[in-house]
Amino acid sequence: WRRDAGGRGRQSEGKEMNQNFEQCLEWLLEHEGGFVNHPDDPGGMTNKGITARVYSQWLFDSLDVDAEMTEELMRNIPDSHVGQIYKQEYWNRLCCDKLAAGLDWFAFDWGVNSGTGRVARTLQKCVGATADGAIGPQTLAAVASKPASELVEELHQRRQVFYERLKTFETFGKGWTRRNDETREQAMGLIEA
C-alpha cells in the first residue's frame, strides 16, 4: 500500500496488475477434480469444473463447432481448452488481472463454483459500488480503496452464507465449506507474500 497525494491509501502498482492466472488455475483444478455426473448436481456432466453447457457454448462461440455433448467428449476436454475457457469466461470476466493478489484467486475460485455474476455483485456490495454484476473502472477503483485481506474475509463470509442457503447444502456442503476455507487461506498467503 502507498499513500496518494490526497492521503488515501491505495494498492501499489505491483498488487493492482498481478499475473497469478497460472497459479490460480493450478489450485482451481485441484478443487474441481476430474469427470463427475452426480445426479444431485444441477450442473450435470462436468469435467475439470467445466459443465457440458459451458463447454458446448465455448466450442460454438470460439471454434464454431456445434458438438453433441457426449460423456466421451466431456471426459476428453483438452487441457488447452480448459485453460482458455477459465481465462476467458471467468478470470477475464471478473477482471482478476486488475485485482490484488489473493483477491484475484478468491474471486476466480468462487466465480467458477457459483457464477461470475454472483461474485461480481457480491464484491460490488462489499465496496459500495452499484451491484450490476459487471466489473468496470468504478468497481475497480472502489475495490482498490479497501485492503484485499478485508475483502477476502467479507467474501468468505458471504460465500458461506450463500452455500448454506442452497437446497443441496446437505449433499455438497462439507466440500463447499472446505473449499471456501482453503481458498481463503491460499488467498491470504498470496496477500502476505
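Residues shown with low pLDDT carry predicted positions that ought not to be read at fine detail. In the predicted model, the chain carries a mean pLDDT of 90, and the fraction of residues at 70 or more is 91%. Here residues 1-17 scores under 50 on pLDDT; set against residues more than four positions off or in separate chains, the count is 37 contacts.

Under the definition given, this model contains 0 disulfides. No disulfide involves Cys24; its sulfur sits 7.4 Å from that of Cys96, the nearest cysteine.

Glancing now at a negative patch on the surface. There is a patch of like negative charges on the surface, built from Glu26, Glu30, Glu182 and Glu185. Tracing the sequence through the fold places Glu26 in helix α2 (residues 21-32). Note on Glu26: relative accessible area 47%, which makes it partly exposed.

Moving on, we get to the packing of helix α6 (residues 103-114) against helix α10 (residues 169-192). Two numbers describe how α6 lies on α10: the axes approach to 8 Å, and their chain directions differ by 155°. Regarding the angle of α6 to α10, the classification is roughly antiparallel. Together, Asp104, Trp105, Phe106, Asp109, Val112 and Asn113 of α6 and Trp176, Arg179, Asn180, Thr183, Arg184, Gln186, Ala187 and Leu190 of α10 make up the contact between the two elements. Taken together, the residues of the contact of α6 with α10 sort by class into 6 nonpolar, 4 polar and 4 charged.

For the rest of this paragraph, the subject is the nonpolar core. Here is a general trend for soluble globular proteins: nonpolar side chains tend to be buried in one another's company. Membership of the largest hydrophobic core comes to 56 residues, with the highest contact counts inside it found for Tyr55, Tyr86, Leu103 and Phe108. Examining the composition of this core, we find that 7 residues originate from one element, α6, more than from any other. Once you skip the residues sitting within four places of it in the chain, Phe108 turns out to touch Phe21, Cys24, Leu25, Leu28, Tyr86, Tyr90, Trp91, Leu94 and Cys96.

Under the definition given, this model contains 10 salt bridges. A salt bridge links Arg184 to Glu153; its shortest N-O distance comes to 3.6 Å. Here Arg184 is found in helix α10, whereas its partner Glu153 is found in helix α9 (residues 148-165), with 31 residues between them in sequence. Between Arg158 and Glu154 there is a salt bridge, with its nearest N and O atoms 3.0 Å apart. With Arg158 and Glu154 both in helix α9 and 4 residues apart, the pair spans about one turn of that helix. Judged by relative accessible area, which is 22%, Glu154 ranks as partly exposed. One salt-bridge network, held together by shared partners, links Glu32, Asp109, Arg159 and Arg179.

Turning to the packing of aromatic side chains, a few remarks are in order. Taken as a whole and assessed by the stated rule, the structure comprises 13 aromatic pairs. Judged by centre distance (5.4 Å) and plane angle (55°), the rings of Trp27 and Trp105 are tilted. Taken together, the residues span a long stretch of sequence, with Trp27 in helix α2 and Trp105 in helix α6 at a distance of 78 residues. Of the two residues, Trp27 and Trp105, both sit in the buried class. Above the plane of the ring of Phe21 lies Lys87, whose end atom (NZ or CZ) is 5.0 Å from the centre. One cation-aromatic arrangement involves Arg159 over Phe106; the distance from NZ or CZ to the ring centre is 5.2 Å.

Running from N to C, α6 and α9 point in directions that differ by 15°, and their axes come no closer than 9 Å. The angle between α6 and α9 places the two elements in the roughly parallel class. The element α6 and its partner α9 pack so that their crossing is left-handed. Seen from α6, the contacting residues are Leu103, Phe106, Asp109, Trp110, Asn113 and Ser114; seen from α9, they are Ala148, Leu151, Val152, Leu155, His156, Arg158, Arg159, Phe162 and Tyr163. For the contact of α6 with α9, the per-class residue count stands at 9 nonpolar, 3 polar and 3 charged.

Procedures and definitions
- Residues numbered from 1 in each chain as written.
- Predicted model: local features only at pLDDT ≥ 70, side-chain atom pairs only at ≥ 80, totals over all residues.
- Heavy atoms only, no water.
- pLDDT = per-residue confidence, 0-100.
- Contact = heavy atoms within 4.5 Å.
- Disulfide = S-S within 2.5 Å.
- Patch = residues over 30% accessible without salt bridge, like charges linked within 9 Å, V, L, I, M, F, W, Y side chains within 5 Å.
- Areas by Shrake-Rupley, 256 points an atom, 1.4 Å probe, with all protein chains shown as cover.
- Salt bridge = Lys/Arg side-chain N within 4 Å of Asp/Glu carboxyl O.
- Lys, Arg positive; Asp, Glu negative; His and termini not counted.
- Charge placed at Lys NZ, Arg CZ, Asp CG, Glu CD.
- Helix = DSSP H or I, 4+ residues; strand = E, 2+ residues; numbered from the N terminus.
- Buried < 20%, exposed > 50% of the residue type's maximum accessible area, 1.4 Å probe, protein only.
- Axes fitted to C-alpha atoms, helices over the stretch in contact; angles between N-to-C directions.
- Parallel < 35°, antiparallel > 145°, perpendicular 65-115°, else oblique.
- Nonpolar A, V, L, I, M, F, W, Y, C, P; charged D, E, K, R; others polar.
- Core = buried A, V, L, I, M, F, W, Y, C linked by side-chain atoms within 4.5 Å.
- Phe/Tyr/Trp six-rings, centres within 6.5 Å; stacked < 30°, edge-to-face > 60°.
- Lys NZ or Arg CZ within 6 Å of the ring centre and 35° of its normal.
- Left-handed = near helix turned anticlockwise from the far one by under 90°.

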